[in-house]
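# Descriptive analysis of the structure
Okay, here's what each chain looks like letter by letter:
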Amino acid sequence: MSVIENTAVLSKYLDLDQRGKVIAEYVWIDASGNTRSKGKTLNKRPTSVEELPEWNFDGSSTGQAPGYDSDVYLRPVNFYPDPFRKGDNIIVLAECWNNDGTPNKFNHRHECAKLMEAHKDQEVWFGLEQEYTLFDHDDNVYAWPKGGFPAPQGPYYCGVGCGKVNARDLIEAHYRACLYSGINISGINAEVMPSQWEFQVGPCEGIEMGDQLWMARYLLQRVAEEFGVKISLHPKPLQGDWNGAGCHTNVSTKSMRVPGGMKYIDDAIEKLAKRHKEHIALYGTDNDMRLTGRHETASMSTFSSGVANRGASVRIPRSVAKEGYGYFEDRRPASNIDPYLVTGIMVETICGPVEN
Ligand code: ADP
Ligand code: MN
Ligand code: MN
Ligand code: MN
Ligand code: MN
């Protein structure tokens, strides 16, 4: 187990004076959609991201570069207070760049940032609902009966009480860590499948959405590491009558958020219908296992929309339809999306010209 077994001894060292030095943990996204990180000592806490040095790592060890040209460069794009080391220590989010000055193959942030910049006059806000599933060290669903199954779904969603929810301590620790780091986490809830949970981040404008979701995912992995629990972002972690995991993407533009906004929501949905296939292609691997038309999902092959309909591709919340303005929810994205790809194509589609 990777659980910290010697917390009392460790805390003795965590209290030691750092003598003015600051530890910056550089985080990046690897070739399979996981985060990786390594620590660097700085002489002082930066006041802006521009003050942070570029760094690098061995890309041949992460599948991000060949051995004969293995250096991948880390360019800092954002930084956050470190809830683990605390004090002046920080966590740095970095983009990956190749030696020849091109963005690394898995650096989807670079394109996304360009799209956000091109459409920034529309002030696009996002809110992402990150669902995820807990597994134990032996790859069984966390706290499920050994060799068996819990009772069918029903009592677990937003459940309260022993036997209905698992690992609330881990979820609570992550929630606090996000708030400490300045993540705009808007809530948490237990999901329909036992040991599946959700947190929401947003509303965030433009490129901030991808940055904050990746940082919230990183913090989740770090917290879960201490609890000895594995986090899965697979869209269908378990076959059978168990809900899959998504990353519902809530969206609004400036004009959708004011009276009369429903017209702009309808326009956006019309544009989304025309590019269904292109969107699905970026909405997560193995999403076909989840988008079956069952378990509160729409079919993957056709686009649909509706007010308060959780079986549609896109849902307009009831309160939004009633008031006539607000936002819409794209329910198609899977839990394992790269939020830069999803928010990027979203802006491209709904803020761009109508296709024929
Ligand atoms: P659901 O009912 O689908 O479970 P949640 O409460 O889990 O909804 O998530 C709703 C998300 O919508 C939150 O992340 C919230 O920040 C986001 N949101 C609310 N208003 C807007 C808006 N105007 N534009 C974009 N996102 C929004
Ligand atoms: Mn080395
Ligand atoms: Mn939700
Ligand atoms: Mn949910
Ligand atoms: Mn939702």
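Here, every reference points to the structure presented above.
Residues numbered from 1 in each chain as written. Chains lettered and ligands numbered in written order. Predicted model: local features only at pLDDT ≥ 70, side-chain atom pairs only at ≥ 80, totals over all residues.

Below, the discussion takes up the overall build of the protein. Assigned secondary structure in the protein consists of eight helices and 13 strands. With respect to the principal axes defined by its C-alpha atoms, the protein has extents near 60 × 50 × 40 Å. Evaluated residue by residue, the protein yields a buried proportion of 41% over its 356 residues. Across the protein, the fraction of contacts at a sequence separation of at least 24, relative to all contacts at a separation of at least 6, is 66%. (Helix = DSSP H or I, 4+ residues; strand = E, 2+ residues; numbered from the N terminus. Buried ≥ 20, exposed ≤ 12 C-beta atoms within 10 Å, placed from the backbone. Contact = placed C-beta atoms within 7 Å.)

Before going further, it helps to spend a moment on the pairing of strand S8 (residues 196–205). Burial of S8 is extensive: seven of the ten residues sit out of reach of the surface. One ladder, built from eight bridges, connects strand S6 (residues 125–135) with S8; its direction is antiparallel. The partner of Glu 131 across the bridge, within S8, is Glu 198. Across five bridges, strand S7 (residues 185–190) lies against S8 in antiparallel orientation. Bridge pairing in S8 places Asn 189 opposite Glu 198. If you look at the hairpin formed by S7 and S8, you'll find five residues sitting between the two strands, and Ser 195 has a positive phi there, around 75°. (Pairing = 2+ DSSP bridges.)

Another aspect to go through is the environment of Gly 187. Its location among the elements puts Gly 187 in strand S7. In the structure, Gly 187 is positioned 13 residues away from Gln 200 in sequence and 5.3 Å away in space, judged by C-alpha atoms.

It is worth spelling out the sheet that holds strand S4 (residues 71–81) at this point. Pairing in this open sheet of five strands is mixed, and the strands run S2-S1-S5-S4-S3 from one edge to the other. The open sheet terminates on both sides in strands that have one partner only, identified here as strand S2 (35–42) and strand S3 (55–58). Neighbour-to-neighbour, the strand axes of the sheet open up by a mean angle of 40°, direction not taken into account. Where strand S1 (residues 22–29) and S2 come together, eight bridges link them in antiparallel fashion. Bridging across to S2, Trp 28 finds its partner in Arg 36. (Axes fitted to C-alpha atoms, helices over the stretch in contact; angles between N-to-C directions.)

In the region of ligand 1, 17 residues are neighbours, and Gly 127, Gln 200, Gly 202, Asn 250 and Ser 252 sit closest. Listed by contribution, the elements that provide at least two residues to the shell around ligand 1 are S6, S7, S8 and strand S10 (247–252). Considered class by class, the residues forming the shell around ligand 1 number five nonpolar, nine polar and three charged. (Near = placed C-beta within 6 Å. Nonpolar A, V, L, I, M, F, W, Y, C, P; charged D, E, K, R; others polar.)

For S10, a buried count of five out of six residues is recorded, marking the element as mostly surrounded by other parts of the structure. Here six bridges tie S6 to S10, and the two strands are oriented antiparallel to one another. Note on S10: the bridge partner recorded for Leu 128 is Thr 249. Looking at chain direction, S10 and strand S13 (residues 328–330) are connected through three bridges and run antiparallel. Residue Asn 250 lies in a different strand from S13, and its bridge partner there is Glu 329.

Right, let's get into the packing of helix H4 (residues 208–227) against helix H8 (residues 339–351). Across the interface, H4 lies against H8 with an axial gap of 9 Å and an inter-helix angle of 160°. With respect to H8, the axis of H4 lies roughly antiparallel. By crossing handedness, the relation of H4 to H8 is classed as right-handed. Counting all contacts with H4, which are made through Met 209, Gly 210, Leu 213 and Trp 214, the residues of H8 involved are Pro 339, Tyr 340 and Thr 343. Of the residues that constitute the contact of H4 with H8, the class distribution is five nonpolar, two polar and no charged. (Parallel < 35°, antiparallel > 145°, perpendicular 65-115°, else oblique. Left-handed = near helix turned anticlockwise from the far one by under 90°.)

To continue, consider unusual backbone geometry. The omega torsion of the bond from Gly 202 to Pro 203 falls at -5°, within 30 degrees of zero and hence cis. Along the chain, Pro 203 turns up in strand S8. Backbone geometry at Glu 123 places phi at a positive 45°, although glycine is not the residue there. Along the chain, Glu 123 turns up in the loop between helix H2 (109–118) and S6.

Below, the discussion takes up the nonpolar core. If you look at the biggest cluster of nonpolar residues, it comprises 86 residues, and the most contacted ones within it are Val 27, Val 92, Val 201, Met 215, Ala 216, Leu 219 and Phe 328. The leading source of residues in this core is H4, at ten residues. Not counting the four nearest positions on each side in its chain, Ala 216 is found in contact with Gln 130, Cys 178, Ile 183, Ile 185, Phe 199 and Val 201. (Core = buried A, V, L, I, M, F, W, Y, C linked by C-beta atoms within 7 Å.)

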